[in-house]
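Structural overview for review
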Amino acid sequence: MKVNIQAKIIKKEKLLNDLYKFSVEAKEIAESAKPGNFIEVRVQNSIEPLLRRPISIYNIEKEQGIIEFIFQVKGKGTNILAQREVGEELDIIGPLGYGTFTIKNYNKVAIIGGGIGTFPLYELAKELKQTTNTKVDTYIGFRTKELVVLEKEFEQVSDNLIITTDDGSYKTKGFAINELKQNVEKEPVDMIFACGPLPMLKAVQSYAIEKNIPCQISLEEKMACGLGVCLGCAVKTKNSPQDQPQYWHVCKAGPVFDATDVEI
Amino acid sequence: MNLEVNLAGIKMKNPVTVASGTFGYGREYSELIDISKLGAIVTKGTSLKPKAGNKPPRVYETTAGMLNSIGLQNPGVEYFAQNDLPFLRKFDTKIIVNACGSTQEEYVELCKILNTLDIDGVELNLSCPNVKAGCMAFGTTYEGVKQITSSVRKVLDKPLIVKLTPNVTNIQEPAKGAEDAGADAISLINTLLGMSIDINTRRPHLANNMGGLSGPAIKPVGVRMVYQAHNAVKIPILGLGGIVTGNDVIEYMLAGATAISIGTGNFISPDTSIKAIEQIEEYMRKNKIEDINEIIGKVQMN
Ligand SMILES: Cc1cc2nc3c(=O)[nH]c(=O)nc-3n(C[C@H](O)[C@H](O)[C@H](O)COP(=O)(O)O)c2cc1C
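Nothing here was measured: the structure is a model prediction, and the numbers come from that model.

1. Topic: the overall build of chain A
Secondary structure assignment for chain A yields six helices and 15 strands. For 264 residues, the compact-globule estimate of 2.2 N^0.38 gives 18 Å, and chain A sits close to it at 18 Å. Taken over 264 residues, chain A has a buried fraction of 58%. Residue pairs in contact within chain A that sit at least 24 positions apart in sequence constitute 65% of those at least 6 positions apart. Put simply, chain A shows about 11400 Å² of open surface, and 46% of that area lies on carbon and sulfur atoms. Once the 33 positive and 35 negative side-chain charges of chain A are each reduced to a mean point, those two points are 2 Å apart.

Structural data, given as structure tokens:
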């Protein structure tokens, strides 16, 4: 069930120059959150910036009643958020989104993420490893060595972790999707989970559809309420005609969609 | 202390309602707040047939405000009647349906159906800037508003509120058009037509290029227009635009509003409307006001 709470910041970590991880006490959210869910954070108690910031949940510690999220400082709102300190309370609504990653027993899955799109995939991999017998191969791509984060964390929740950098400055050179394709050709997977930049999602989506592999992708779109009320975060449904498009909403039907359901 | 107001025959327990398009049909927010505390709920703009809405991106945050070009996406009146109305009726609050169409015939057909439903009133949306045909096209002139309002009035026995656009030179003209056609009340303002450009791509942020500006940024415009409309017509006014606190509500009521709606404020915090009600009570206690109706239109101009 979604709740609006004042969540105390209990830990704040700077992962990169512009990348922060917050741990907050959010018992009610941790209880019911699923991998793929997001939260709406009010960065400070004022009307400027006006809207909450949607941020995906990185890690859920149900027993401790803690959730963690990672965000990049991109503008006004995230800049203010980055200045919030341990001990302060954050006004949060969550867990949001009815479309979440499907957790069940698979033989083997491939999880693929790029850049700052890797974060919601951690809880997914973790739950698959902790609650099912699924073999998890994780592919994460970064632009360059300096931007590589969460290597250790993903290693712990994956059977194989394949890291790529676009410029070859760390691990395998090239795009994560190419590694995924090579390995999937050798040994099939039951599902591909993806989150990341749009070009990567498009590549994963068309590959999965072409090869008939079930695939779930997590999407982003500009959002106001995050609750399914304002109908702002529209994404076109796959099968509706161009001249009469129909729409899903990322905050409601998503953020995780079946790759065959959406046109991105 | 009395907070009850009577808006065009709709008796509300307090003057605070939630604005069309910012509260859906109540479901989502009912999980987070007690919507029975509200004076009324104004539903999402509802049309005769379902509408898919505009291309994304549909929303963009601006300074103390936001632009939207949703395009009146809604499931249509039949779906509303079957699915949302029975749900909303479970709560102890008034239901006002925001009605939109693209032709006069459509408005009339829609209102014929609305007349048969168990709702407390209709807010006729003649002011949406985000759809090509209809809506705002009718709402900018005395004649346009009068014509469409009269045709609807003939088929609608329920309280009729006409929602006006601020995108006009003189708000008093469309306001009088509504009054002369027999509207029971007017509501204003809808969003102000705006635009915002990405300086890197040199393209507007919204796929639709332009959109409606809402939120605290527009409040002074709303207050001014409510004041001007109040001076031009005798029918009550539902005031809105940028309201986020109880003090904002008082300001609108002093300008001439009998009741108000909170729109974008709901997105800031789900309990904005509930807090506003508490703040109104506080203001009344502090200023020894027994009846909220005492302050309507009581601004003293310099
Ligand atoms: C996302 C969004 C959707 C809206 N949809 C409608 C609508 O369907 N019908 C309508 O009459 N007004 C609609 N409006 C306008 C509001 O009801 C209101 O008139 C306007 O936003 C100003 O009030 P505010 O500043 O409190 O938001 C919409 C506004 C927003 C932000």
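2. Let's talk about the pattern of salt bridges
All names here are of chain A. If you walk through the whole model with that rule in mind, you get 27 salt bridges over all chains. In this structure, Glu85 engages Lys12 in a salt bridge whose closest nitrogen and oxygen atoms are separated by 3.2 Å. Highlighted residues: Glu85 in the loop between helix H2 (76-82) and strand E6 (89-96) and Lys12 in strand E1 (residues 3-16), separated in sequence by 73 residues. Under the relative-accessibility criterion, Glu85 is labelled partly exposed at 41%.

3. Some thoughts on the side chain of Thr138 of chain A
All names here are of chain A. Assignment of secondary structure puts Thr138 in strand E8 (residues 135-142). Here the side chain of Thr138 touches Ser158 through a polar contact of 2.7 Å, side chain to side chain. With near-sequence residues (within four places) excluded, Thr138 lies in contact with Ile111, Phe154, Ser158, Asn160, Leu161 and Ile162.

4. Observations concerning the nonpolar core
Ranked by internal contacts, the top residues of the largest apolar core, which has 131 residues, are Ile112 and Ile192 of chain A together with Val162, Ile186 and Leu188 of chain B. Once residues lying within four places of it in the same chain are set aside, the contact partners of Ile112 of chain A are Leu121, Tyr139, Ala176, Ile177, Leu180, Ile192, Phe193, Ala194, Cys195, Met200 and Val204 of chain A. Counting 27 residues, the second-largest nonpolar core is a separate cluster that includes Ile70, Phe142, Val149 and Val256 of chain A.

5. Thoughts on the state of the cysteines
Residues and elements named next belong to chain A. Per the stated rule, a full pass over the model turns up zero disulfides over all chains. Not engaged in a disulfide, the cysteine Cys230 finds its nearest cysteine sulfur in Cys225; these two sulfurs lie 3.9 Å apart. Using a relative accessible area of 4% as the deciding quantity, one classes Cys230 as buried.

6. Things to note about the site of the ligand
In the vicinity of the ligand, 24 residues are found, and the nearest of them are Ser20, Lys163, Gly215, Gly242 and Thr264 of chain B. Mapping the residues near the ligand onto chains gives chains A and B. Between the ligand and the protein, one listed contact pairs an oxygen atom with a side-chain N or O atom of Lys44 of chain B at 3.1 Å. Contact between the ligand and Asn125 of chain B: an oxygen atom at 3.1 Å from a side-chain N or O atom of the residue. For the ligand, the protein covers 98% of the area, taking 600 Å² as the surface of the free molecule. When the residues that make up the shell around the ligand are grouped by side-chain class, the tally is seven nonpolar, 15 polar and two charged.

7. Some points on the domain arrangement of chain A
Residue and element names in this part refer to chain A. Domain boundaries in chain A define domain 1 (3-96) and domain 2 (108-220). For domain 1 versus domain 2, the separation of C-alpha centres amounts to 24 Å. Each partner contributes to the interface: domain 1 provides 13 residues, whereas domain 2 provides 13 residues. Overall, the association of domain 1 and domain 2 removes approximately 1200 Å² of surface from exposure, summing both partners, and the carbon and sulfur fraction of that is 65%. Ranking the residues of domain 1 by area buried against domain 2 places Leu16, Pro35 and Tyr58 at the top, with a combined share of 45%. Residue Glu61 is joined to Lys126 by a salt bridge in which the shortest nitrogen-to-oxygen separation is 3.8 Å. Among the secondary structure elements, those contributing two or more residues to the side of domain 1 that touches domain 2 are E1, strand E4 (53-61) and strand E5 (66-72). A per-element tally of the side of domain 1 that touches domain 2 places E4 first, with six residues. Broken down by class, the residue content of the side of domain 1 that touches domain 2 amounts to eight nonpolar, three polar and two charged.

8. Some points on the interface of chain B and chain A
How large an interface is tends to be reported as the accessible area lost when its parts come together. Listed per partner, the contact involves 33 residues of chain B and 31 residues of chain A. Taken together, both faces of the contact between chain B and chain A bury some 2600 Å²; the carbon and sulfur share is 63%. Inspection of the chain B/chain A interface yields three salt bridges. A salt bridge links Glu61 of chain B to Arg53 of chain A; the nearest nitrogen and oxygen atoms lie 2.9 Å apart.

9. Observations regarding the confidence of the model for chain B
Model confidence for chain B is summarised by a mean pLDDT of 96, while 97% of its residues fall at 70 or above. Taken together, the chains of this predicted complex give a pTM of 0.95 and an interface ipTM of 0.93.

10. So, the pairing of strand E2 (residues 19-25) of chain A
Residue and element names in this part refer to chain A. Counting buried residues in E2 gives six out of seven residues, a clear majority hidden from the surface. The sheet contact formed by E1 and E2 spans seven bridges and is antiparallel. By the bridge assignment, Lys11 is partnered in E2 with Ser23. Linking E1 to E2, which pair antiparallel, is a turn of two residues.

11. Some details on the sheet that holds strand E5 (residues 59-62) of chain B
Residues and elements named next belong to chain B. Reading across from one edge, E5-E6-E14-E11 is the order of the four strands in this open sheet, with antiparallel pairing throughout. Because the sheet does not close on itself, it has two edges, and the strands there are E5 and strand E11 (192-195). Between one strand axis and the next, the sheet turns through 40° on average, direction left out of account.

12. Some remarks on the pairing of strand E6 (residues 65-68) of chain B
Both faces of the sheet carry side chains from a regular strand, because those side chains alternate between them. Residue and element names in this part refer to chain B. Residues Gly65 and Leu67 point to one face of E6 and Met66 and Asn68 to the other, with burial holding for every one of them. In the sheet, E5 pairs with E6 via four bridges, with the strands oriented antiparallel. Residue pairing for E6: Val59 is matched across the bridge by Asn68. Adjacent in sequence and paired antiparallel, E5 and E6 are bridged by two residues, among which Ala64 carries a positive phi angle near 50°. Relative to strand E14 (residues 210-214), E6 runs antiparallel, the two sharing three bridges. Looking at E14, one finds that Asn68 is bridged to Gly212.

Procedures and definitions
Residues numbered from 1 in each chain as written. Chains lettered and ligands numbered in written order. Predicted model: local features only at pLDDT ≥ 70, side-chain atom pairs only at ≥ 80, totals over all residues. Heavy atoms only, no water. Helix = DSSP H or I, 4+ residues; strand = E, 2+ residues; numbered from the N terminus. Rg over C-alpha atoms; globule rule 2.2 N^0.38 Å. Buried < 20%, exposed > 50% of the residue type's maximum accessible area, 1.4 Å probe, protein only. Contact = heavy atoms within 4.5 Å. Areas by Shrake-Rupley, 256 points an atom, 1.4 Å probe, with all protein chains shown as cover. Lys, Arg positive; Asp, Glu negative; His and termini not counted. Charge placed at Lys NZ, Arg CZ, Asp CG, Glu CD. Salt bridge = Lys/Arg side-chain N within 4 Å of Asp/Glu carboxyl O. Polar contact = N/O pair within 3.5 Å; in protein donor to acceptor, adjacent residues only side chain to side chain. Core = buried A, V, L, I, M, F, W, Y, C linked by side-chain atoms within 4.5 Å. Disulfide = S-S within 2.5 Å. Near = heavy atom within 4 Å. Nonpolar A, V, L, I, M, F, W, Y, C, P; charged D, E, K, R; others polar. Domains from an automatic or database assignment. Buried area = accessible area lost by both parts, 1.4 Å probe. pLDDT = per-residue confidence, 0-100. Pairing = 2+ DSSP bridges. Axes fitted to C-alpha atoms, helices over the stretch in contact; angles between N-to-C directions.

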